Amino acid sequence: MTRQTSGVSNAGPIHRRDGEPLGANSEIGRKLKQYYDDLVSDDVPDRFAQLLSQLEEAEPAQQKD
Amino acid sequence: MAASLGFKGDLLAAIPGLRAFAMSLSQNADRADDLVQETLVKAWDKQSSFQPGTNLKAWLFTILRNEFYSQMRKRGREVQDSDGLLTARLAVHPSQPGRLDLDDFRKALEQLPEDQREAIILIGASGFSYEEAADICGCAVGTIKSRVSRARNRLQEILDISGEADYGPDAIAAQVMGSTVS
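Definitions and cut-offs
Residues numbered from 1 in each chain as written. Chains lettered and ligands numbered in written order. Predicted model: local features only at pLDDT ≥ 70, side-chain atom pairs only at ≥ 80, totals over all residues. Helix = DSSP H or I, 4+ residues; strand = E, 2+ residues; numbered from the N terminus. Buried ≥ 20, exposed ≤ 12 C-beta atoms within 10 Å, placed from the backbone. Contact = placed C-beta atoms within 7 Å. Expected span 1.5 Å × (residues − 1). Arc of directions from axis to C-beta. Axes fitted to C-alpha atoms, helices over the stretch in contact; angles between N-to-C directions. Parallel < 35°, antiparallel > 145°, perpendicular 65-115°, else oblique. Left-handed = near helix turned anticlockwise from the far one by under 90°. Nonpolar A, V, L, I, M, F, W, Y, C, P; charged D, E, K, R; others polar. UniProt positions renumbered as here; feature names shortened; annotations may be inferred. Domains from an automatic or database assignment.

1. Things to note about the overall build of chain B
Then comes step 1: Regarding its fold elements, chain B presents nine helices and zero strands.
Then comes step 2: Listing every helix and strand of chain B by position from the N terminus yields α-α-α-α-α-α-α-α-α.
Then comes step 3: Taken across its 182 residues, chain B has 39% of its residues classed as buried.
Then comes step 4: Considering only contacts in chain B between residues 6 or more positions apart, those separated by 24 or more positions represent 57%.

Below, the structure written as structure tokens:
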């Protein structure tokens, strides 16, 4: 794992002009989505559905008039 | 009670997003699921205060966020001190330049202050507008914008990404990284 010697010529060829700071084209924006989608697609433990059922039994949702 | 079934169903559908947000905030799987559980209980108790037709997801995120910060206050500064500040100066360098690894990104995200992390998550990943994010965080839209911007700059700095923004922090980052231009 060598550290990239970040010197003067490190600017890279790509200079995007994204209007928004987290545009779909930015590396940060892409990674952020990937990171989050990973979490969202995680399997949900049963305990949450059980919890909601318990809540419902204990105290049925109030009906709005 | 069709309405209550609907509410329960809506809560169920919101769980994956809530868990992702909780995980982003707390950076800890157990704590995240506790937060989600607490959020569901509170949401159930307060459901009469939810106005149908308004944004349920934003309402739930607000509850979860409040719960997170209230737990943080109870725990004192433990979270920040142990996980945040000590590692804040450690730069994460992509193992392969140009190919940013997801683990590297995760580590970088952990180093952000909570307010910046939540802002960039809400805007860049959870799909909220600046206005919604401001509502969730109880602050001004301009504050959210500036937090997102600082979060993004900080991530670029930590990850040593350059050439992404035309006004980017490259010059500053280069100084911080100790690479002096002779």
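2. Some words on helix α2 (residues 29-45) of chain B
All names here are of chain B.
Then comes step 1: In this model α2 runs 24 Å from its N-terminal to its C-terminal C-alpha over 17 residues, within 8% of the 24 Å that 1.5 Å per residue would give.
Then comes step 2: Those residues of α2 lying buried are Ala-32, Asp-33, Leu-35, Val-36, Thr-39, Leu-40, Ala-43 and Trp-44. Mapping the buried residues of α2 onto a view down its axis gives an arc of 165 degrees, with all of them on the same face. Among the exposed residues of α2, those pointing more than 90 degrees away from its buried face are Asp-30 and Asp-45.

3. As for the packing of α2(B) against helix α3 (residues 56-74) of chain B
All names here are of chain B.
Then comes step 1: Relative to each other, α2 and α3 sit at 125 degrees, their axes nearing to 9 Å. Relative to α3, α2 is oriented oblique. Considering only the axes of α2 and α3, their crossing is right-handed. Across the interface between the two elements, Leu-35, Glu-38, Thr-39, Lys-42 and Ala-43 from α2 touch Leu-60, Ile-63, Leu-64, Glu-67 and Phe-68 from α3.
Then comes step 2: Residue composition of the contact of α2 with α3, grouped by class: six nonpolar, one polar and three charged.

4. A few points about the UniProt feature "domain: RNA polymerase sigma factor 70 region 4 type" (unreviewed entry) in chain B
Then comes step 1: As annotated in UniProt, the feature "domain: RNA polymerase sigma factor 70 region 4 type" (unreviewed entry) corresponds to residues 103-155 of chain B in the numbering used here.
Then comes step 2: Overall, residues 103-155 of chain B shows 79% helix and 0% strand. The separation of its end C-alpha atoms is 13 Å.

5. Some remarks on helix α7 (residues 130-137) of chain B
All names here are of chain B.
Then comes step 1: Residues of α7 that are buried include every one of Glu-132, Ala-133, Ile-136 and Cys-137, and no others. Seen from one end, α7 has its buried residues packed into an arc of 125 degrees, which puts them on one side.
Then comes step 2: The elements touched by buried residues of α7 are α3, α6 (114-124) and α8 (141-159).
Then comes step 3: At the C-terminal side of α7, Gly-138 shows a positive phi close to 65 degrees.

6. Details of the packing of helix α1 (residues 27-40) of chain A against helix α5 (residues 102-110) of chain B
Then comes step 1: Two elements in contact, α1(A) and α5(B), have axes separated by 10 Å at closest approach and are oriented at 90 degrees. As summarised for this structure, α1(A) and α5(B) are arranged roughly perpendicular, according to the angle between their axes. Contacts between α1(A) and α5(B) involve A:Lys31, A:Gln34 and A:Tyr35 from the former and B:Leu102, B:Phe105, B:Arg106 and B:Leu109 from the latter.
Then comes step 2: Looking at the contact of α1(A) with α5(B) residue by residue, the class counts come to four nonpolar, one polar and two charged.

7. Here we look at the domain arrangement of chain B
Residue and element names in this part refer to chain B.
Then comes step 1: With domains assigned, chain B is organised as domain 1 (1-76) and domain 2 (77-182).
Then comes step 2: Contact residues are listed per partner, giving 13 residues for domain 1 and 15 residues for domain 2.
Then comes step 3: Only α1 (2-26) and α3 provide two or more residues apiece to the side of domain 1 that touches domain 2.
Then comes step 4: Residue contributions to the side of domain 1 that touches domain 2 peak at five residues, all from α3.
Then comes step 5: The residue inventory of the side of domain 1 that touches domain 2, partitioned by class, reads five nonpolar, six polar and two charged.

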